[in-house]
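Structural overview
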Amino acid sequence: MATGWLVYRLTHSALLLGLVSFAGQIPILILGAVAGVWVDRLNRHRVLVVTQILSMMQSFALAALALSGIIRVIDVILLNLFQGTINAFDMPARQAFVVEMVETREDLPNAIALNSSLVNAARLVGPSVAGLLIAAVGEGYCFLLDGFSYIAVIASLFAMSLVPWTPRAHASVRSELREGWNYVLGFRPIWAILLLLSVVSLVGMPYTALMPIFAGGILHGGAHTFGFLMGASGVGALIGAVSLAARRSVLGLGRLVALMAAGFGASLIAFAASRQLWLSLLVLVVTGFSFMQQMASSNTILQTIVEDQKRGRVMSFYSMAFQGVAPFGSLIAGAVAARIGAPHTLMLGGSICVAGAALFAWQLPVLRKLIRPIYVEKGIIPELARGIHSASVLQEPPEE
């Protein structure tokens, strides 16, 4: 949040807002697939320790430049590139590491949802605190606080007691990369989920990059307004994550993915049309709720159906779909908003999200048939498993 507001304060440029966001996310798209191969090879716990230390250094560098008063937009772009490179390895590692921390596979959907709850509790508190800090003392102290926050994360990682990591045999990076790509393309449910997430991230998620324009230029507010808007989205995301954590089964999540993608697109259209702060806040609650439900549901389905030895690579493609394509969306949204305005840009993106959700819903019957055998094998549909077994017994000829 501090990065976005700093760039907007320095430039008042929608294009540069999009460029800064692009710089922070493009490394995920470029490096994501290769990073997934290494995440499948390396000790994921150690990978996370390294990425968190590097992220802490990046935040302290931003703080030093901002507090000294010499920070420039080019500095923000370069440091965002550095952070994006870190995230290319950090995101698939943490997604795959969730499975290592959950001893019972049946608890995985709840674990993913609880993780999302914690993330979005931070998204709820963070923007509100940041808005007050920016208004009071400037962006530099937000960067400084962010840097110190990594100390707790790193300490938590060192405090974990884990099963000793065992290296696995592996082929060349190129062959394992090709294997992961063929696995994703060869199983329709995986690529259908990733494709919808890519579309939503490309045309829908840039609303966060354009938020300073809505806060300052359209709703005529300041940093505190920006904080309220981002906080409202965090409230909705937190509600969405908590409600998912209460689910008892992964069944029905495919339908939820389609419904929430459509809800996300419709809420973007409504937010773009709003000129009242109270209405914008209410709509953003729906926006955050819908996207969180789609993202976490997609994550849960993928983590449930993917083969363990390919988990890191699949989750790297998930990271690429979630954040890797977003930089192009931010860059395009910034350029389009500079020509037709931020509201019309969001309306166009929301409409494409709704269309993508409709296409995914049309494929659902086929996707369910393909996933069903995996759910039966894992005991997620025990009634069906017993039914198949009973039917096979009845079809066997009686013994002479």
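Before any of the text, the structure's been laid out above.
Below or above, wherever it landed, is the structure these notes cover. (Residues numbered from 1 in each chain as written. Predicted model: local features only at pLDDT ≥ 70, side-chain atom pairs only at ≥ 80, totals over all residues. Heavy atoms only, no water.)

1. Quick notes on the side chain of Asp 90
What counts is decided by this rule: Think of it this way: any DSSP run of H or I at least four residues long counts as a helix, any run of E at least two long counts as a strand, and we number them from the N terminus. To sort residues, take the accessible area from a 1.4 Å probe on protein chains only and compare it with the maximum for the residue type: under 20% means buried, over 50% means exposed, and anything in between is partly exposed. The contact criterion used is simple: two residues touch if any of their non-hydrogen atoms lie within 4.5 Å.
Note that Asp 90 resides in helix α4 (residues 73-101). Look at Asp 90 and you get buried, because its relative accessible area is 4%. Asp 90 has contacts with Leu 48, Thr 51 and Gln 52, leaving out every residue within four places of it along the chain.

2. Quick notes on the packing of helix α9 (residues 207-218) against helix α15 (residues 342-377)
The axes of two packed helices give the description: the angle between them and the distance between them. This is how it is decided: Convention adopted: a line fitted to C-alpha atoms gives each axis, helices being fitted over their contacting stretch, and angles between N-to-C directions are expressed from 0 to 180 degrees. Each crossing gets its handedness from the near helix: less than a right angle anticlockwise from the far helix is left-handed, clockwise is right-handed. We call Asp, Glu, Lys and Arg charged. Ala, Val, Leu, Ile, Met, Phe, Trp, Tyr, Cys and Pro are nonpolar, and the rest, Gly among them, are polar.
Between α9 and α15, the least distance of the axes is 10 Å, while the angle of their chain directions is 145°. Like other packed secondary-structure pairs, α9 and α15 cross with a definite hand, here left-handed. From α9, Tyr 207, Leu 210, Ile 213, Phe 214 and Ile 218 reach across to α15, where they touch Ala 342, Pro 343, Thr 345 and Leu 346. Of the residues contributing to the contact of α9 with α15, the split by class is eight nonpolar, one polar and no charged.

3. Things to note about the packing of aromatic side chains
A ring pair, where both rings are aromatic, is described by two values, the distance of the centres and the angle of the planes. Going by this rule: Two rings from Phe, Tyr or Trp (for Trp, the six-membered ring) form a pair when their centres sit within 6.5 Å of each other. Planes less than 30 degrees apart are called stacked, planes more than 60 degrees apart edge-to-face, and all others tilted.
A complete count under the given rule lists seven aromatic pairs for this structure. Considering the side-chain rings of Phe 60 and Phe 148, the 5.2 Å spacing of their centres and the 75° angle between planes classify their relative orientation as edge-to-face. Here Phe 148 lies in helix α6 (residues 139-159) and Phe 60 lies in helix α3 (residues 44-68), a separation of 88 residues in the sequence. What makes Phe 60 partly exposed here is its relative accessible area of 28%. The class for Phe 148 is partly exposed, based on a relative accessible area of 47%. Centroid distance Phe 214 to Phe 271: 4.8 Å. Interplanar angle 45°. Geometry classified as tilted. With Phe 214 in helix α9 and Phe 271 in helix α11 (residues 253-273), the pair connects residues that are 57 residues apart, well separated along the chain. Residue class for Phe 214 comes out buried when judged on its relative accessible area of 1%. Counting every residue linked through ring pairs, the aromatic cluster contains Trp 5, Tyr 8 and Phe 226.

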